[in-house]
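# Analysis of the macromolecular model
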Amino acid sequence: MFIIKRTAEFDAWLFGLRDTMARIRLAKRLDKVQRGLLGGTKPVGEGVHGLREDFGPGWRMYYTQRGDVLVVMLGGGAKPPSRPTLRPRLPYLRLWNSGTLET
């Protein structure tokens with residue numbers, strides 16, 4: 001089981017998707033993650049992993065993990081342009097991993 005902490009930017013991205021079915025499928029994936037079922041993931045660097053969703057353009061949702069209990073959703077996007085969306089989140093990630101940023 002995981003506790004999911006989503007950033008405001010992640011929620012804005014997820015709830016801003018115009019494709020209703022994609023939004024529902026991604027939300028269901030987060031429900032599975034909360035139950036401990038991570039499924040297909042891939043490391044992308046600096047302790048960040050991507051949850052792979054192989055439908056539509058190939059959705060990705062990015063997270064990091066501290067210990068066994070907390071997953072922080074850092075961002076998401078379609079496969080080709082998604083990695084650049086993480087760069088602005090890396091300072092947040094570094095603060096969070098160092099324990100400077102309270103969860």
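Just above sits the structure.
The sections below set out a description of the structure shown in this document. Just so you know, these numbers come straight off a predicted model, no measurement behind them. (Residues numbered from 1 in each chain as written. Predicted model: local features only at pLDDT ≥ 70, side-chain atom pairs only at ≥ 80, totals over all residues. Heavy atoms only, no water.)

## Describing the packing of helix α1 (residues 8-15) against helix α2 (residues 20-34)
Put simply, the rule is: Between N-to-C directions, angles span 0 to 180 degrees; the directions come from axes that are lines fitted to C-alpha atoms, helices contributing only their stretch in contact. Only DSSP runs of H or I reaching four residues or more are called helices, and only runs of E reaching two or more are called strands; each is numbered from the N terminus. Roughly parallel means an angle under 35 degrees; roughly antiparallel, over 145; roughly perpendicular, 65 to 115; everything else is oblique. Contacts: residue pairs with any heavy atoms within 4.5 Å of one another. Residues were grouped as follows: Ala, Val, Leu, Ile, Met, Phe, Trp, Tyr, Cys and Pro as nonpolar; Asp, Glu, Lys and Arg as charged; and all remaining residues, including Gly, as polar.
For the pair α1 and α2, interaxial distance at closest approach is 9 Å and the crossing angle is 140°. Judged by the angle between their axes, α1 and α2 are oblique. Across from F10, W13, L14 and F15 in α1, the residues of α2 making contact are R23, L26 and L30. Within the contact of α1 with α2, the residues separate by chemical class into six nonpolar, no polar and one charged.

## A few points about the nonpolar core
Keep this limit in mind: In plain words, nonpolar cores are sets of buried Ala, Val, Leu, Ile, Met, Phe, Trp, Tyr and Cys residues tied together by side-chain atoms within 4.5 Å. Buried, partly exposed and exposed residues are distinguished by accessible area as a fraction of the type maximum, computed with a 1.4 Å probe on protein chains only: under 20%, between the cut-offs, and over 50%, respectively.
The biggest cluster of nonpolar side chains holds 17 residues, and the ones touching the most others in it are W13, L26, L51, W59 and M61. Contributing elements (two or more residues each) for this core: α1, α2, β4 (59-66) and β5 (70-78). Considering each element in turn, this core owes the most residues, four residues, to α2. Setting aside anything within four residues of it in sequence, one finds L51 in contact with R29, L30, V33, L38, G40, T41, W59, R60, M61, Y63 and M73.

## With respect to the pattern of salt bridges
Our working definition: Should a side-chain nitrogen of Lys or Arg be within 4 Å of a carboxyl oxygen of Asp or Glu, the pair is scored as a salt bridge.
For the coordinates displayed, the defined rule picks out three salt bridges. Here R60 makes a salt bridge to D54, at a shortest N to O gap of 3.9 Å. Taking the relative accessible area as the measure of exposure, R60 reaches 11% and is therefore buried.

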